[in-house]
Amino acid sequence: MIKTDILIIGAGPTGLFTVFEAGLLKLKCHLIDALPQPGGQCSEIYPKKPIYDIPAFPEVLAGDLVNNLMEQIKAFEPGFTLGERAQTIDKLDDGTFIVTTNKGTKHHAPVVAIAGGLGSFEPRKPPIANIVNFEDKGVEYIIRDPELYRNKKVVIAGGGDSALDWSIFLADVASEVTLVHRRNEFRGALDSVDRVKELKDIGKINLITPAEIDQVNGNEKLESVLIRKNNEASEEILLEVDHFIPLFGLSPKLGPIADWGLEIEKNAIKVNNSLDYQTNIPGIYAIGDVNTYPGKLKLILCGFHEATLMCQSAYQRIFPDKKYVMKYTTVGGVTGFDGTKKEAPKAVVKAIN
């Protein structure tokens, strides 16, 4: 049984920052995440994409943001249960909770903070009959390691930002990149569309529109795809490939959390935003993209704010007889559980003779 002060479900940016805010209050945290590494979507889906709305960072790669957060919370020594999904929750007579994962790992805490982002994700798969036979054998729905495609022939399907951005990125990695979209128009950023056209003109991207992938072929692994052009002749192109990456987006699902008795509205958890982001079950909070309330904005910086207020409420729940006096980190510094101390240098006082 893993015991902690705050059990955080979801190790994305909001969940990670919660560790820091809780640490300032001397509260220990443990995080559960179904992914094999911390970072949530920032690590799993777009680690190489820049984020522009993080305060004090004119631009920061999603993966670097996660690395910085991990460095920031290191002194507070959080625990992690990774590669496991929070499956069930039981409330004990004393008001504390036991959360059990799909692999049977039990966690005990007086406070549970759900920071699961948009929930668990399932890729939207194209309607190709035998595509499941080639999953992880040449067909990938998420790009985790761009080096996998080094000097390989890659076909990307899709018309949004992900398809455009990865086509541009892999143009300098793969030996051949082909972008297939069922329309001539794209739904991504205009500068990305212009960049794809520039790369097409210089022969670094093969652009085939309007068209769709009709078949995937191979023996032990993917060897070719059949592209059908959406024209009067329904022209067919058989293309030898090493990898086919359909980027049609991801469908978010709350998963088992939806069965925990929480008040749900449009696949999100309703919270009391006027106070502390607590759910309809006292002791269970929801912060970040997973929650909803009037005026909700699904931004990382909003999740940071919600985490900060939630931790204040959690402290009062855990220590109802104690009064916490907030001190600015510029005054009190940051004292980690590992014994480290960060504080501003003290001014030198000299006597005036």
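Preceding this paragraph is the structure being described.
Residues numbered from 1 in each chain as written. Predicted model: local features only at pLDDT ≥ 70, side-chain atom pairs only at ≥ 80, totals over all residues. Heavy atoms only, no water.

**Quick notes on the state of the cysteines**
Taken as a whole and assessed by the stated rule, the structure comprises 0 disulfides. Left without a disulfide partner, cysteine 42 is nearest to the cysteine sulfur of cysteine 302, which lies 14 Å away. Free of any disulfide, cysteine 311 has its nearest cysteine sulfur in cysteine 29, 6.2 Å distant. (Disulfide = S-S within 2.5 Å.)

**Description of the nonpolar core**
One finds Ile6, Val99, Val112, Ile114 and Trp260 to be the most contacted residues of the largest nonpolar core, which totals 58 residues. At 8 residues, the largest contribution of residues to this core is made by helix 6 (residues 300-318). Those residues in contact with isoleucine 6, other than ones at most four positions away along the chain, are Ala22, Leu27, Lys28, Cys29, His30, Val111, Ala113, Cys311 and Ala314. In this structure, Trp166, Val177, Val196 and Ile205 belong to the second largest nonpolar core, which totals 20 residues. (Core = buried A, V, L, I, M, F, W, Y, C linked by side-chain atoms within 4.5 Å. Buried < 20%, exposed > 50% of the residue type's maximum accessible area, 1.4 Å probe, protein only. Helix = DSSP H or I, 4+ residues; strand = E, 2+ residues; numbered from the N terminus. Contact = heavy atoms within 4.5 Å.)

**Thoughts on the packing of aromatic side chains**
In total, this model carries 7 aromatic pairs according to the counting rule given. Their ring planes at 65 degrees and their centres at 5.9 Å tell us that phenylalanine 20 and phenylalanine 76 sit as a pair that is edge-to-face. One end of the pair, phenylalanine 20, is in helix 1 (residues 13-24); the other, phenylalanine 76, is in the loop between helix 3 (62-73) and strand 6 (79-82), and 56 residues separate them in sequence. By relative accessible area, which is 11% here, phenylalanine 20 ends up buried. With a centroid separation of 5.4 Å and 75 degrees between ring planes, the pair formed by phenylalanine 76 and phenylalanine 337 is classed as edge-to-face. Taken together, the residues span a long stretch of sequence, with phenylalanine 76 in the loop between helix 3 and strand 6 and phenylalanine 337 in the loop between strand 24 (334-335) and strand 25 (341-342) at a distance of 261 residues. Among the aromatic residues, those joined into a cluster by ring pairs are Phe17, Phe20, Phe76, Phe304 and Phe337. (Phe/Tyr/Trp six-rings, centres within 6.5 Å; stacked < 30°, edge-to-face > 60°.)

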